[in-house]
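# Report on the structure
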Amino acid sequence: MDEELLTAALEAQQNAYAPYSGFAVGAALLTADGQIITGCNVENASYPLACCAERNAVYRAVAQGHRQFVRILVVGPGPALISPCGGCRQVLAEFGDLDVVMAERTGTQEPKVVPLHDLLPMAFDRKDLSHGV
Ligand SMILES: [Zn+2]
């Protein structure tokens, strides 16, 4: 399954819009019903408006009616394994736990698989909202 996710993520990575950083990222999200939804990073001249590949995959999946995810694979442009940024970890955590697969494009390194709850322990969630007002 990870090979299928890697192929999909690499395909999405080719569409990354990263003219400022040159750091193209691809992500492939596996839904509970077995579909693969991809995303790539999209940058903007107004830098803070950029959106990561992982978040774009989640938002696209949600727009297509998916709410349950089991795995997300992320691949960067270089030989290093990259992990989702803090913001993406938080967005992923909104939909529960899943496995995060950090892969690299050449397949020379074994992908690293880490449960999201290990990447973002004590995530802010809906329970925290009840402690406000
Ligand atoms: Zn991110």
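Residues numbered from 1 in each chain as written. Predicted model: local features only at pLDDT ≥ 70, side-chain atom pairs only at ≥ 80, totals over all residues. Heavy atoms only, no water.

Under the annotation held in an unreviewed UniProt entry, the protein carries the name Cytidine deaminase and is attributed to Sulfobacillus harzensis.

## What about the packing of aromatic side chains?
Within this structure, the stated rule accounts for 2 aromatic pairs. Taken together, a centroid distance of 5.6 Å and an interplanar angle of 45 degrees make the contact between Tyr20 and Tyr47 tilted. Of the two residues, Tyr20 sits in the loop between helix H1 (2-13) and strand E1 (26-31) while Tyr47 sits in the loop between strand E2 (36-40) and helix H2 (53-63), which places them 27 residues apart along the sequence. Its relative accessible area of 57% is what places Tyr47 among the exposed residues. Plain terms: the ring middles of Phe69 and Phe95 are 5.6 Å apart, the flat faces sit at 75 degrees to each other, and that makes the pair edge-to-face. Residue Phe69 is located in strand E3 (residues 69-75), and its partner Phe95 is located in the loop between helix H3 (86-93) and strand E4 (99-103); the two are separated by 26 residues in the primary sequence. Residue classification places Phe69 among the buried residues on the basis of a relative accessible area of 7%. (Phe/Tyr/Trp six-rings, centres within 6.5 Å; stacked < 30°, edge-to-face > 60°. Helix = DSSP H or I, 4+ residues; strand = E, 2+ residues; numbered from the N terminus. Buried < 20%, exposed > 50% of the residue type's maximum accessible area, 1.4 Å probe, protein only.)

## A short note on the coordination of the zinc ion
Summarising the metal site, the zinc ion is bound by the protein donors Cys52 (SG), Cys85 (SG) and Cys88 (SG), whose distances to it range over 2.3 Å. Here the donor residues of the zinc ion share one chain and are spaced in sequence as C-x32-C-x2-C. Of this pair, Cys52 sits in the loop between E2 and H2 while Cys85 sits in the loop between E3 and H3, and the two are 33 residues apart along the sequence. Take Cys52: its relative accessible area is 23%, and that puts it in the partly exposed class. Cys85 gets classed as partly exposed once you look at its relative accessible area, which sits at 33%. (Donors = N, O, S within 2.8 Å, 3.2 Å for Na, K, Ca; no water.)

## Describing the sheet that holds E4
Strands in a sheet are paired, the pairing made by backbone hydrogen bonds, and the direction either parallel or antiparallel. The 5 strands are arranged E2-E1-E3-E4-E5 in an open sheet whose pairing can be described as mixed. Of all strands in the sheet, those bounded by a partner on one side alone are E2 and strand E5 (112-115). Adjacent strand axes in the sheet meet at a mean angle of 20 degrees, parallel and antiparallel pairs treated alike. Bridge analysis of E4 against E5 gives 4 bridges, and the strand direction is antiparallel. Bridge pairing in E5 links Val101 to Val113. In the packing of H1 onto the sheet, the strands contacted are E1, E2, E3, E4 and E5, and the crossing angle to E3 comes to about 55 degrees. The sheet strands contacting H2 are E1, E2 and E3, and the helix crosses E2 at an angle near 135 degrees. (Pairing = 2+ DSSP bridges. Axes fitted to C-alpha atoms, helices over the stretch in contact; angles between N-to-C directions. Contact = heavy atoms within 4.5 Å.)

## A look at the pairing of E3
Where burial is concerned, most of E3 is hidden: 6 out of the 7 residues are buried. Following the chain from E3 across H3 to the adjacent parallel E4, one finds a crossover that is right-handed. (Right-handed = clockwise from strand over helix to strand, strands pointing away.)

## Focus: the environment of Ala9
By the secondary structure assignment, Ala9 is in helix H1. Judged by its relative accessible area of 0%, Ala9 falls in the buried class. Expressed as a C-alpha distance, the spacing of Ala9 and Ala53, which sit 44 residues apart in the sequence, is 9.2 Å. Those residues within four positions of Ala9 in sequence are excluded, and the remaining contacts are Gly26, Ala27, Ala28, Leu73 and Val75.

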